[in-house]
Amino acid sequence: MSGAVVEGRRPTTAAGRIAALGRAELTLFGRSRGMLIGALVVPLVLPFSVRSVVEDMDLAENGLSVGLVLLPGAIGFSLLFAVYSALVAVFVGRREELVLKRLRTGELRDAEILSGASLPAVVTGLLQSLVLVAGCTVLLDVPAPEAVPLAVLGLLAGLVVCAALAAFTASFTRTVESAQATALPLVLVSMIGSGITVPLELMPDRLATAFSLLPLSPVITLIRGGWSGDLSAAETLTACAVALAWTAGAVFAVRRWFRWEPRR
């Protein structure tokens, strides 16, 4: 009976089940040296490796500074590597090890399984973003954000859309070894076209309009707008609509095509 308490067992909640699965996943996450390097080290190094390139850009005419380019870009790198790429490997690995199949035989629902498996990577991306904000503020003299809610909204949207897209990418990824290859197209396209390394403001209008529809473009737009305070209401609504569309599309694709058993 729904809501009944089984004798000898404590009643569980969705949040409790997700947290328990997240703790178990965190243990496995910590044992993978390659995943730790990719998730923790790469996103911290990449932003500052492109600093010299950003400094040569004509930023002042577009109301930008080196800090306003590198800070959202650094968060974008974290979302791509600490969340998206890491989770593609996690989902594929747990599927091939039959972990997902076994979890489905218990009381966990599909959404809870995916959420729990995503939890360590999402928390890592969140904490890493906060560290990057602090580092950019100190090292690049970035001022306090003008519109904090926009920056927070952009970061949360990025975490959600990257987790959802990772689950979708895992649906057509055969092995853990091939996870890097299947995740690479979105990583490269986002780095080039989502404003992570080159702001959309510096691109030709038609190209910028097309690139603004990429999955991480609204995330970077909202985060940068949160710091600059220059984002209009129309631009904010457009960015939110694009982020919501990508999230809804990814969730639909996961529900339709995600594989819970090993690919043969």
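Residues numbered from 1 in each chain as written. Predicted model: local features only at pLDDT ≥ 70, side-chain atom pairs only at ≥ 80, totals over all residues. Heavy atoms only, no water.

**Focus: the overall build of the chain**
When helices and strands are tallied, the chain shows 11 helices and 0 strands. Going residue by residue from the N terminus, the α and β elements of the chain occur as α-α-α-α-α-α-α-α-α-α-α. Total accessible area on the chain stands at roughly 13,600 Å², and carbon and sulfur atoms take up 64% of it. (Helix = DSSP H or I, 4+ residues; strand = E, 2+ residues; numbered from the N terminus. Areas by Shrake-Rupley, 256 points an atom, 1.4 Å probe, with all protein chains shown as cover.)

**Re a nonpolar patch on the surface**
Taken together, the side chains of Leu119, Val123, Leu127 and Leu130 make up a nonpolar region of the molecular surface, amounting to roughly 330 Å² of accessible area. Within the fold, Val123 resides in helix 6 (residues 110–139). We classify Val123 as partly exposed; its relative accessible area is 37%. (Patch = residues over 30% accessible without salt bridge, like charges linked within 9 Å, V, L, I, M, F, W, Y side chains within 5 Å. Salt bridge = Lys/Arg side-chain N within 4 Å of Asp/Glu carboxyl O. Buried < 20%, exposed > 50% of the residue type's maximum accessible area, 1.4 Å probe, protein only.)

**Here's the deal with a negative patch on the surface**
A grouping of Glu146, Glu201, Asp230 and Glu235 is seen on the molecular surface, where their side chains present a negatively charged patch. Turning to its location among the elements, Glu201 is positioned in the loop between helix 8 (179–193) and helix 9 (205–211). (Lys, Arg positive; Asp, Glu negative; His and termini not counted. Charge placed at Lys NZ, Arg CZ, Asp CG, Glu CD.)

**So, unusual backbone geometry**
Backbone geometry places Leu98, a non-glycine residue, at a positive phi of 70°. With respect to the helices, strands and loops of the structure, Leu98 is situated in the loop between helix 4 (66–96) and helix 5 (99–103). For Leu98, a relative accessible area of 34% corresponds to the partly exposed category. If you check the backbone angles, Asp141 has positive phi at about 55° while not being a glycine. Here Asp141 lies in the loop between helix 6 and helix 7 (148–171). On the accessibility criterion, Asp141 (66% relative accessible area) is exposed.

**Digging into the packing of helix 10 (residues 217–228) against helix 11 (residues 233–257)**
Put simply, helix 10 and helix 11 touch, their axes get as near as 8 Å, and they point 145° apart. Here helix 10 and helix 11 pass one another in a crossing that is left-handed. In contact with Pro218, Thr221 and Leu222 of helix 10, helix 11 contributes Thr236, Ala239, Cys240, Val242 and Ala243. Each residue belonging to the contact of helix 10 with helix 11 can be placed in one class, and the counts come to 6 nonpolar, 2 polar and no charged. (Axes fitted to C-alpha atoms, helices over the stretch in contact; angles between N-to-C directions. Left-handed = near helix turned anticlockwise from the far one by under 90°. Contact = heavy atoms within 4.5 Å. Nonpolar A, V, L, I, M, F, W, Y, C, P; charged D, E, K, R; others polar.)

**Brief notes about the nonpolar core**
Leu79, Tyr84, Phe91 and Phe258 are the most contacted members of the largest nonpolar core, which totals 60 residues. Broken down by secondary-structure element, the contributors of at least two residues to this core are helix 4, helix 6, helix 7, helix 8, helix 10 and helix 11. Counting residues per element, this core draws most heavily on helix 4, at 17 residues. (Core = buried A, V, L, I, M, F, W, Y, C linked by side-chain atoms within 4.5 Å.)

**A look at the packing of aromatic side chains**
Scanning all chains against the criterion turns up 4 aromatic pairs. A centroid spacing of 5.4 Å and a plane angle of 75° characterise the contact between Phe168 and Phe172, whose relative ring orientation is edge-to-face. Ring centres 6.3 Å apart and planes at 90° place the aromatic pair Phe252 and Trp257 in the edge-to-face group. Classification of Phe252 by relative accessible area gives exposed; the value is 54%. The exposure class assigned to Trp257 is partly exposed, which follows from its relative accessible area of 45%. (Phe/Tyr/Trp six-rings, centres within 6.5 Å; stacked < 30°, edge-to-face > 60°.)

**Remarks on the confidence of the model for the chain**
Segments scoring low in pLDDT should not have their predicted coordinates read at a detailed level. Residues at a pLDDT of 70 or more form 89% of the chain, whose mean pLDDT is 86. Here helix 2 (residues 33–49) is the element of the chain with the lowest mean pLDDT, 67, and helix 7 is the one with the highest, 96. Low pLDDT, under 50, characterises residues 1–9; the stretch is placed with 2 contacts to residues that sit more than four places away or in other chains. (pLDDT = per-residue confidence, 0-100.)

**Side note on helix 4**
Its 31 residues give helix 4 an end-to-end C-alpha distance of 43 Å, which sits within 8% of 45 Å, the value for a rise of 1.5 Å per residue. Of all bends in helix 4, the biggest is about 30°, found at Leu87. Counting buried residues along helix 4, 28 of its 31 residues qualify, which places the element largely inside the surrounding structure. (Expected span 1.5 Å × (residues − 1). Bend = angle between axes of the 7 residues up to and from the residue.)

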